[in-house]
Amino acid sequence: MNSFTDVWSTLDWDDLSLRINSKTSRDVERALSRNKIDREDFMALISPAALPYLEPMAQRAQQLTRQRFGNTVNFFAPLYLSNLCANECTYCGFSMSNKIKRKTLDEDEIGRECEALNALGFKHLLMVTGEHKGKVGMDYFRRHFPAIRSYFDSLMIEVQPLQQEEYAELKTLGLDGVLVYQETYHAPTYALHHLRGQKQDFFWRLETPDRLGRAGIDKIGLGALFGLSGNWRTDSYMVAEHLLYLQQTYWQSRYSVAFPRLRPCTGGIEPASLLEENQLVQLICAFRMLAPDVELSLSTRESPYFRDHVIPLAINTVSAGSKTQPGGYADDHPELEQFAPHDNRSPQHVAEALTRAGLQPVWKDWDSFLGRVSQENVAGWQTNKLSGMQIP
Ligand code: SF4
């Protein structure tokens, strides 16, 4: 059966890196002049040559975002059910060899977490677990999925990659979407960072979105973890190839792209290369221009300052007030967390900041509570604030 592996095996990492780095300002200007950009244009827009064009890229990205999505930004919260994990990943606090306390929520604890999230206003949930199919596998999901789903309007998951039939079964229990980030598309780097467990299987993970598409899952989330490979540009291009392949092959599904950067955690590594803030803005804008209808997501891994400045440009979905440990909303337990979020503001605080920037947060009743701010505010905000980003 065909899969993205067939495409991936035709893409040479070194050759792509060379092509991206050799793009010129002329290539960037050509990309900026086009209504619909192609792969070569995308390469130009993520290349070093595009950094001086951050302002026109941001204007274009914002224009496309407002055209396609209006002023709305959807809020969601991650709910961590378990920090058990049978894998060893060099960058994660849940790695099996880390001496942290392990916890898997039971029915009562899950109910308390869901109620706490509802009380904060959340109606869109991302259910997260470590990867432990023995104790937090399909039996656990079957047992708790319907109750969790009953608290929320939509339910996404970020758990270990499953079989196609298992995704299809979860869909009948209310599953709306699945996030599965490849971490890095560079197989030798992937091997360096995944030392034990099922996650060592690069291709099992790479083909997960294919299984999701075949299972008819409504929304599929892609991304790379920036800081693992030495080249964020080539990893980003691979994400773009993955997205374009999936859109063409499983056109019934919708897609989202996230841009996680490594965060400090227990036993975690230092990033192999930094994706600077201005480069992350560049990347987000390039993705908006490549895929105007695709949902772009930004999590609390980023700072309040960065989020307040970049979400209004091209982001559609944000987490807020996130806890990255099981029991984090009702009972706290910071010692159980996966990584330390950077934006620790309350959801209300984030919503108010985005409303001041002219956006309309959408979660529960907040859109009517906070009200709409005029389109002129958005335009005025954008040009003034982008100059505050660190452009070398
Ligand atoms: Fe487990 Fe995922 Fe963390 Fe790896 S990244 S240790 S699979 S929770």
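Since the structure is predicted, the reported quantities are computational estimates derived from the model, not experimental observations.

## Section: the site of the ligand
Now for step 1: Surveying the vicinity of the ligand reveals the residues Cys85, Asn87, Cys89, Tyr91, Cys92, Phe94, Ser95, Gly130, Glu131, Lys199 and Gln338.
Now for step 2: Its residues assigned to classes, the shell around the ligand comprises 5 nonpolar, 4 polar and 2 charged.

## A closer look at the packing of helix α5 (residues 54–69) against helix α13 (residues 277–290)
Now for step 1: The geometry of α5 relative to α13 is characterised by a closest axis approach of 9 Å and an angle of 45° between their N-to-C directions. The angle between the axes of α5 and α13 places the two elements in the oblique class. The element α5 and its partner α13 pack so that their crossing is left-handed. Seen from α5, the contacting residues are Leu54, Met57, Ala58, Arg60, Ala61, Leu64, Thr65 and Phe69; seen from α13, they are Asn278, Val281, Gln282, Cys285, Ala286, Arg288 and Met289.
Now for step 2: Taken together, the residues of the contact of α5 with α13 sort by class into 10 nonpolar, 3 polar and 2 charged.

## Here's the deal with the pattern of salt bridges
Now for step 1: What the rule picks out here adds up to 23 salt bridges.
Now for step 2: Between aspartate 41 and arginine 30 there is a salt bridge; the shortest N-O distance is 3.0 Å. Residue aspartate 41 is located in helix α4 (residues 39–46), and its partner arginine 30 is located in helix α3 (residues 25–33); the two are separated by 11 residues in the primary sequence.
Now for step 3: You can call aspartate 41 buried: its relative accessible area is 1%.
Now for step 4: For arginine 34, the salt bridge identified is with aspartate 41, shortest N-O distance 2.7 Å.
Now for step 5: Residue classification places arginine 34 among the partly exposed positions, given a relative accessible area of 29%.

## A word on unusual backbone geometry
Now for step 1: Unlike most non-glycine residues, glutamate 183 shows phi in positive territory, near 75°.
Now for step 2: Residue position: glutamate 183 is located in the loop between β5 (177–179) and α9 (187–193).

What counts as what
- All residue numbers refer to positions counted from 1 along the written sequence of the respective chain.
- Side-chain atom pairs in this predicted model are given and counted only at pLDDT of 80 or more, local residue features only at pLDDT of at least 70, and totals for whole chains, interfaces and linings cover all residues.
- The basis for every side-chain value is the complete set of non-hydrogen atoms in the structure, without hydrogens or water.
- Proximity is defined per residue: any heavy atom of the residue falling within 4 Å of a molecule or strand makes that residue near it.
- Here the nonpolar group is Ala, Val, Leu, Ile, Met, Phe, Trp, Tyr, Cys and Pro; Asp, Glu, Lys and Arg are the charged ones; every other residue, Gly included, is treated as polar.
- The axes are straight lines fitted to the C-alpha atoms, using for helices just the contacting stretch, and the angles between their N-to-C directions are given from 0 to 180°.
- Secondary structure elements follow DSSP: runs of H or I no shorter than four residues count as helices, runs of E no shorter than two count as strands, and numbering proceeds from the N terminus.
- Throughout, the term roughly parallel applies to angles under 35 degrees, roughly antiparallel to angles over 145, roughly perpendicular to angles from 65 to 115, and oblique to all others.
- Crossing handedness: left-handed means the near helix sits turned counterclockwise from the far one by under a right angle, and right-handed means the same turn made clockwise.
- By definition in these notes, contact holds between two residues if any of their heavy atoms fall within 4.5 Å.
- The term salt bridge refers to a side-chain nitrogen of Lys or Arg lying within 4 Å of a carboxyl oxygen of Asp or Glu.
- Here's how the labels work: a residue is buried when its accessible area is under 20% of the maximum for its type, exposed when over 50%, partly exposed in between, all with a 1.4 Å probe on protein chains only.

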